Amino acid sequence: MVDCTHWRRLRALLFLLALAVLFVSAPLARALGSPGRDHWRVSTAPDVRVAISLSEFAIAPASVTVPSGEPVTLVVTNAGGAQHNLVVEFAPRGISQRLFPTNLLPGETREVTLVFDAPGDWEMYCPVGNH
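> So what's going on with the nonpolar core? Which residues, and what values?
Judged by nonpolar contacts, the single largest core of 14 residues is most densely connected at I52, L74, V76, L99 and L114. Listed by contribution, the elements that provide at least two residues to this core are strand 1 (48-55), strand 3 (71-78) and strand 6 (109-115). In this view, L74 contacts V50, I52, L99, R110, E111, V112 and L114; residues no more than four positions away in its chain are not counted.

> Outline the layout of surface pockets, listing residues and values.
In this structure, the largest pocket spans a volume of roughly 360 Å³. Along the wall of the largest pocket there are 20 residues; nearest its centre are V64, T65, V66, F116 and W122. Every element with two or more residues in the lining of the largest pocket is listed here: strand 1 and strand 7 (123-125). Of the residues in the lining of the largest pocket, the class split is 14 nonpolar, four polar and two charged.

> Residue-level account of the sheet that holds strand 6, with values.
Across the sheet, four strands lie side by side as 2-1-3-6; this open sheet has mixed pairing. Both edges of this open sheet fall to strand 2 (58-60) and strand 6, since each of them pairs with a single strand only. Across the sheet, the axes of successive neighbouring strands diverge by a mean angle of 25°, strand direction being ignored. The pairing of strand 1 with strand 3 spans seven bridges and is classified as parallel. Bridge pairing links S53 to T77 in strand 3.

> An account of unusual backbone geometry is requested, with residue identities and associated values reported.
Glycine aside, negative phi is the norm for most residues, and most peptide bonds take the trans geometry. Here the bond from A60 into P61 is cis, since omega is -5°, no more than 30 degrees from zero. The backbone of F57 sits at a positive phi, close to 65°, despite the residue not being glycine. Within the fold, F57 resides in the loop between strand 1 and strand 2. Taking the relative accessible area as the measure of exposure, F57 reaches 63% and is therefore exposed.

Thresholds, definitions, all that
- Residues numbered from 1 in each chain as written.
- Predicted model: local features only at pLDDT ≥ 70, side-chain atom pairs only at ≥ 80, totals over all residues.
- Heavy atoms only, no water.
- Core = buried A, V, L, I, M, F, W, Y, C linked by side-chain atoms within 4.5 Å.
- Buried < 20%, exposed > 50% of the residue type's maximum accessible area, 1.4 Å probe, protein only.
- Helix = DSSP H or I, 4+ residues; strand = E, 2+ residues; numbered from the N terminus.
- Contact = heavy atoms within 4.5 Å.
- 1 Å grid on protein atoms, 1.4 Å probe; cavity = no way out; pocket = protein on both sides within 12 Å on 5 of 7 lines; lining within 4 Å.
- Points joined across faces, edges and corners; volume = space filled by probe spheres on them.
- Nonpolar A, V, L, I, M, F, W, Y, C, P; charged D, E, K, R; others polar.
- Pairing = 2+ DSSP bridges.
- Axes fitted to C-alpha atoms, helices over the stretch in contact; angles between N-to-C directions.

Dropping the structure here:
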């Protein structure tokens, strides 16, 4: 009778190794720029910076055009007298993201870098109170 324990262990080890490669390679491929997942793509383009000013009942500029699929740094300043924040939404994909975990105090400036991975009209608004 032949002892197959060694072969069963080797086969199980190879199976686990294949699973590990599968689970590690997919996120790594996304991070390195696999097609179809532009928001994970590493970009060599220069960083686009956009200054945004928040005040009571106004965001300036009212409209901004940025490249799709490339990093954009929003430099957001609270120029008003009340606290403000900024939400970015893209209705066709159901995306709604509050940019800062806490509100910006009057005079405060914060930066956030985003990749707008779908062309179209993205909406920005202040979610604080009735702003």
